[in-house]
Structures are given as structure tokens and as C-alpha cells.
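Reading the structure
This is what each chain is made of:
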Amino acid sequence: MRGDASRSGACIKIFLRTGEDSWELILSDAWRWNRQEQSHHSNRRELKTLLRAVQVAGDLLERIQKDPQASPFKRSCFVEFGSRPLEVVANSDNKATVSWTQKAQQGEDPVRCS
């Protein structure tokens, strides 16, 4: 999945790996920030965009897991994903977002207040 945020809005794209070096776009979304969100620091908007991508991917996988045959994706890897490890890769061009995400994966508190 990939996401990018600007001052006015953001977008996400979710891809399905179809081969060693090939990917197929399966979902995309774009939205505008409200006035309050526009005033947020760019790092915060980038992190919020990544969070939305993870939520959308989770919702998609949950829907497919509940009813694989109703999935709009007739690929065997979606139908059978419950029987093998699932890998989700999130890409971001924002250093702070990458750092916070890595710390959260390691069980560290990504936000420290002094």
C-alpha cells in the first residue's frame, strides 16, 4: 500500500502482488482535509494517511475472509489467504512516519512526551 498527503488532501493505493516484481492496483481512494486537518503538521497528515490505508486494507481483508466467493477479486491468493502467511507492505516517503511505524512494530511507544 502507498499513501501520500499534501496540504489540501491525500490519497492511498492498495496493490496486490501478482508476481515477483509485478503488482496490480486493486483499490484507491482520495479525500480532502477539513480546515483543522489542513493546519496539522505535514508529518501528522502523512501518518494519518498511512493509518487510513491500513484501516482500508484491514476492512478489505476482513470482508474477503468472511465471504471469499463474494470478493470482487477472483484471484486464488485472496480466496486462500487464510491458509498461508499474509504480508502487508506499507510505503511512505515521510521519514517521521516510517520511524514511528517501525517503533510501533517493535513494541516501543512511538510518541514520547517530556
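Refer to the structure printed above.
A brief report on the enclosed structure follows.

Re the sheet that holds strand β3 (residues 22-32)
- As summarised here, the arrangement of the 3 strands in space is β1-β2-β3, forming an open sheet in which the pairing is antiparallel. Since the sheet does not close on itself, it has two edges, and those belong to β1 (2-5) and β3, each with one partner. Within the sheet, the average angular offset between the axes of one strand and its neighbour, ignoring direction, is 15°.
- Across the face of the sheet, helix α2 (residues 42-66) comes into contact with β1, β2 (9-19) and β3 while running at roughly 45° to β2.

Observations regarding the layout of surface pockets
- Computed from the structure, the second largest pocket encloses a volume of approximately 240 Å³.
- Lining the second largest pocket are L50, V54, V88, A90, N91, S92, T97, V98, T101, Q102 and Q105.
- The set of elements that each furnish at least two residues to the lining of the second largest pocket consists of α2 and α4 (95-105).
- Its residues placed into classes, the lining of the second largest pocket shows 5 nonpolar, 6 polar and no charged.

Thoughts on the packing of aromatic side chains
- Per the counting criterion, the structure on display carries 1 aromatic pair.
- On the basis of an interplanar angle of 90° and a centroid distance of 5.9 Å, the ring pair of W31 and W33 is categorised as edge-to-face.
- Residue classification places W31 among the buried positions, given a relative accessible area of 12%.
- According to the relative accessible area criterion, W33 is buried, its value standing at 5%.
- Over the aromatic face of W31 sits the side chain of R52, whose NZ or CZ is 3.7 Å from the ring centroid.

Parameters at a glance
- Sequence order as written defines the numbering, with residues in each chain counted from 1.
- Totals for whole chains, interfaces and linings use all residues, but because this is a predicted model, local features are given only for residues with pLDDT of at least 70 and pairs of side-chain atoms are given and counted only at 80 or more.
- Note that the side-chain values use all heavy atoms of the structure and ignore hydrogens as well as water.
- Following DSSP output, two strands are said to pair if at least two bridges run between them.
- We count a stretch as a helix when DSSP gives it H or I for four or more residues in a row; a strand needs E for two or more, and each element gets its number in order from the N terminus.
- A fitted line through C-alpha atoms serves as each axis, taken over the contacting stretch for helices, and the angle formed by two N-to-C directions is quoted from 0 to 180°.
- Residue contacts follow a heavy-atom distance rule, with two residues in contact if any of their heavy atoms lie within 4.5 Å.
- With a 1 Å grid spanning the protein atoms alone, the term cavity applies to any set of points in which a 1.4 Å probe fits but cannot get out, the term pocket to an open set with protein on both sides within 12 Å along at least five of seven lines, and the term lining residue to any residue with an atom within 4 Å of a point.
- Grid points are joined across faces, edges and corners, and a volume is the space filled by probe spheres set on the points.
- When residues are sorted by character, Ala, Val, Leu, Ile, Met, Phe, Trp, Tyr, Cys and Pro go into the nonpolar class, Asp, Glu, Lys and Arg into the charged class, and all the rest, Gly among them, into the polar class.
- Two aromatic rings from Phe, Tyr or Trp, using only the six-membered ring of Trp, form a pair when their centres are within 6.5 Å; if the ring planes differ by under 30 degrees the pair is stacked, by over 60 it is edge-to-face, and anything between is tilted.
- Whether a residue is buried, partly exposed or exposed follows from its accessible area with a 1.4 Å probe, protein chains only, as a fraction of its type maximum: under 20%, in between, or over 50%, in that order.
- Charge-over-ring contacts are defined here by two conditions on Lys NZ or Arg CZ: a distance within 6 Å of the ring centre and an angle within 35 degrees of the ring normal.

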